[in-house]
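So you can see what is in the structure, the chains are spelled out below.
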Amino acid sequence: MENSKVGEVLLKRSLSFVEAPLMAHKNVKNEQPQWSWSLRWAAIGSSLGAAVPVGYCTGVMNSPAEIMRSWCNDTLISRYNLHLGESSLELLWSVAVSIFLVGGAIGSVTGATMANRFGRRGCFQICGILLALGAICFYTCRLGSVELLLLGRLLVGLAGGLLTAFMPMWHSEIAALSQRSTLAPLCPMGLTLGVVVAQICSLRSVLGGPELWHFGLSFYGVLVIACYAPLRWYQESPKWLYIVKGRKEEARHALQLLRGYSIDSEALQAELDEMELEAASKVAASGFVEVLRNSQLRLPLIIVCAFLGGQQLSGINAIFYYSVSIFRKAGLSPKASEWANLGAGSLNLATSMLGPVLLERLNRRPLMLFSTFFCAVFLFMLAMMLYFIESFSWFAMGCIGCIFLYIFFFQFGLGPMPFFIGAELFQLSSRPIAMSIGSVVYWMCNFIIGMAFPTLQKAWGGLVFLPFSLICWLLFGLTKQYLPETRGRDPSEVAPLVAAGFKSKVLNNNQIVRQC
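Residues numbered from 1 in each chain as written. Predicted model: local features only at pLDDT ≥ 70, side-chain atom pairs only at ≥ 80, totals over all residues. Heavy atoms only, no water.

Draft legend 1. Here's a closer look at the packing of aromatic side chains. Counted according to the given criterion, the structure contains 31 aromatic pairs. Seen from their ring centres, Phe-124 and Trp-170 are 5.6 Å apart, and the 45° between their planes marks the pair as tilted. A residue pair is termed long-range when its members are at least 10 positions apart, and Phe-124 in helix H4 (residues 86–140) and Trp-170 in helix H5 (residues 146–174) qualify at 46 residues. The pair formed by Phe-124 and Trp-170 is uniform in burial state, with each residue classed as buried. When the ring of Phe-124 is compared with that of Tyr-234, the centres are 5.7 Å apart and the planes differ by 55°; the resulting orientation is tilted. A residue pair is termed long-range when its members are at least 10 positions apart, and Phe-124 in helix H4 and Tyr-234 in the loop between helix H9 (221–228) and helix H10 (238–244) qualify at 110 residues. Each member of the pair, Phe-124 as well as Tyr-234, carries the same accessibility label: buried. One aromatic cluster in this structure is built from Phe-370, Phe-373, Phe-374, Phe-378, Phe-408, Phe-409, Phe-412, Trp-473 and Phe-476. The ring of Trp-37 has Arg-40 sitting right over it, with the charged end atom 5.2 Å from the ring centre. Here the guanidinium or amino end of Arg-232 rests over the ring plane of Trp-233, the centre of that ring lying 5.1 Å away. (Phe/Tyr/Trp six-rings, centres within 6.5 Å; stacked < 30°, edge-to-face > 60°. Helix = DSSP H or I, 4+ residues; strand = E, 2+ residues; numbered from the N terminus. Buried < 20%, exposed > 50% of the residue type's maximum accessible area, 1.4 Å probe, protein only. Lys NZ or Arg CZ within 6 Å of the ring centre and 35° of its normal.)

Structure follows, in structure tokens:
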């Protein structure tokens, strides 16, 4: 029965190719997908409403750390008569910071199941609920509850893990093939923007002072309310509606709104026929065990995990952690160092905004090779200059230069690409699980850096950046040898290129792909 259904779809597509030339002059304008308001609302609204708040929660704890530590100590004394020593207080603060990362890992594990069960827009809605509850916890914790602060951090961490698992997939599925390169970097751009906004809001002169820090923690809630208000106009993934749930009329309606097609558009029918073919021949949604055991998915899964984990292990968070002290060594005052750190974050944001332009015009492989190569070079130079910083007076300024150049080249490929490469390597049945596994690795590596970096920094000094440089070189090698070119290609075209695992000859299949 399934074979006859596939045959009917193939026959229908063949006939449409024969008839197309006769009708082309009537439907030329309808053949190209448009940048409809439905697509813009869904892509931009979801990025501002979820990705920016998660990025905000990532960076908002840094500046008011001393004030909040003192508040935690005073609260525990007044409520429980509990007097913590310096080491115990430091442990409590480490828990408050790292529980966000634990929540991210947990949210990532559940991401695949929730994306298949509730849909991509449904995950976005759940993410908004978690973020809103977190903002309430942050605002009310000032009444005298350290527990609410910890609960809020866990909730926003859960939202962050869910976000990295579903949002790149959602953006990939609502966009036409020619539009995916523009939408692909929106999620990492939102995270970067959130960090910069948090750096500004958490300044003592803004919302990071002793009386306003709880406003600073919960300020992102305003953005959540504003961006979730028009939720009904954000379209669900047509592929999820059609292929996973079989709600074909809803999928047709969503696709028509997203593409700007007319009801009788041939392009609309062609996309629906593609979905029908995939639905007729699809296997059941893969589970974790099936994906891990499938030898044809092993190489793309390694690429996704290596890219997401390697992004964190490449030292970007460590750079921002260490930048203020480097700026101080270069002779800047404490206040000037804070502003220089904000400048580094702003450069990170400004460079990330080049992402849509670069990904639209250039192939994935050269961008990733370019980014990892120069990141490795400048991390190595930073390590050497930091280690010998007392030997030459100009090494201090050289360290600042290395930091800014590293951040600049990071956003060419290593910053945005790991988040969406899984959506371009995996087909629909295995995509949610693969994205979820990659997201778990991302949050685990983030946690490792947060826990291990301060200790390694004390033990190795400036040489702590050498392992980060090595990670970038390994990513360069993995990209050069095994990453197929995905720009302008459907995942069904890419999957066979990496199906042979490490025996895959992707270099023979990486001819330049031109988008229509």
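Draft legend 2. How the structure looks around the packing of helix H18 (residues 364–387) against helix H22 (residues 466–482). Here H18 crosses H22 at 160°, and the two axes come no closer than 8 Å. Classified by the angle between their axes, H18 and H22 sit roughly antiparallel to one another. Considering the relative orientation of H18 and H22, their crossing is left-handed. Contact residues: H18 offers Arg-365, Met-368, Leu-369, Thr-372, Phe-373, Cys-375, Ala-376, Val-377, Leu-379, Phe-380, Ala-383 and Met-384, while H22 offers Leu-466, Phe-468, Ser-469, Cys-472, Trp-473, Leu-475, Phe-476, Thr-479 and Lys-480. In terms of residue class, the contact of H18 with H22 is built from 16 nonpolar, 3 polar and 2 charged. (Axes fitted to C-alpha atoms, helices over the stretch in contact; angles between N-to-C directions. Parallel < 35°, antiparallel > 145°, perpendicular 65-115°, else oblique. Left-handed = near helix turned anticlockwise from the far one by under 90°. Contact = heavy atoms within 4.5 Å. Nonpolar A, V, L, I, M, F, W, Y, C, P; charged D, E, K, R; others polar.)

Draft legend 3. Molecular detail of the side chain of Arg-365. Mapping Arg-365 onto the fold places it in helix H18. For the buried Arg-365, which has no salt bridge, the nearest side chain bearing the opposite charge is Glu-485, at an N-O separation of 5.2 Å. Reaching out from Arg-365, the side chain makes a polar contact with the backbone oxygen of Leu-483 at a distance of 2.8 Å. (Lys, Arg positive; Asp, Glu negative; His and termini not counted. Salt bridge = Lys/Arg side-chain N within 4 Å of Asp/Glu carboxyl O. Polar contact = N/O pair within 3.5 Å; in protein donor to acceptor, adjacent residues only side chain to side chain.)

Draft legend 4. The arrangement of the pattern of salt bridges in detail. Counted by the stated rule, this structure contains 9 salt bridges. For the salt bridge of Arg-69 with Glu-66, the shortest nitrogen-to-oxygen distance reads 2.4 Å. A residue pair is termed a helical-turn pair when its members lie 3 or 4 positions apart in one helix, as Arg-69 and Glu-66 do in helix H3 (residues 65–80) at 3 residues. Assessed through its relative accessible area of 14%, Arg-69 is described here as buried. Take Glu-66: its relative accessible area is 51%, and that puts it in the exposed class. The salt bridge involving Arg-364 is made with Glu-424; its shortest N-O contact spans 2.8 Å.

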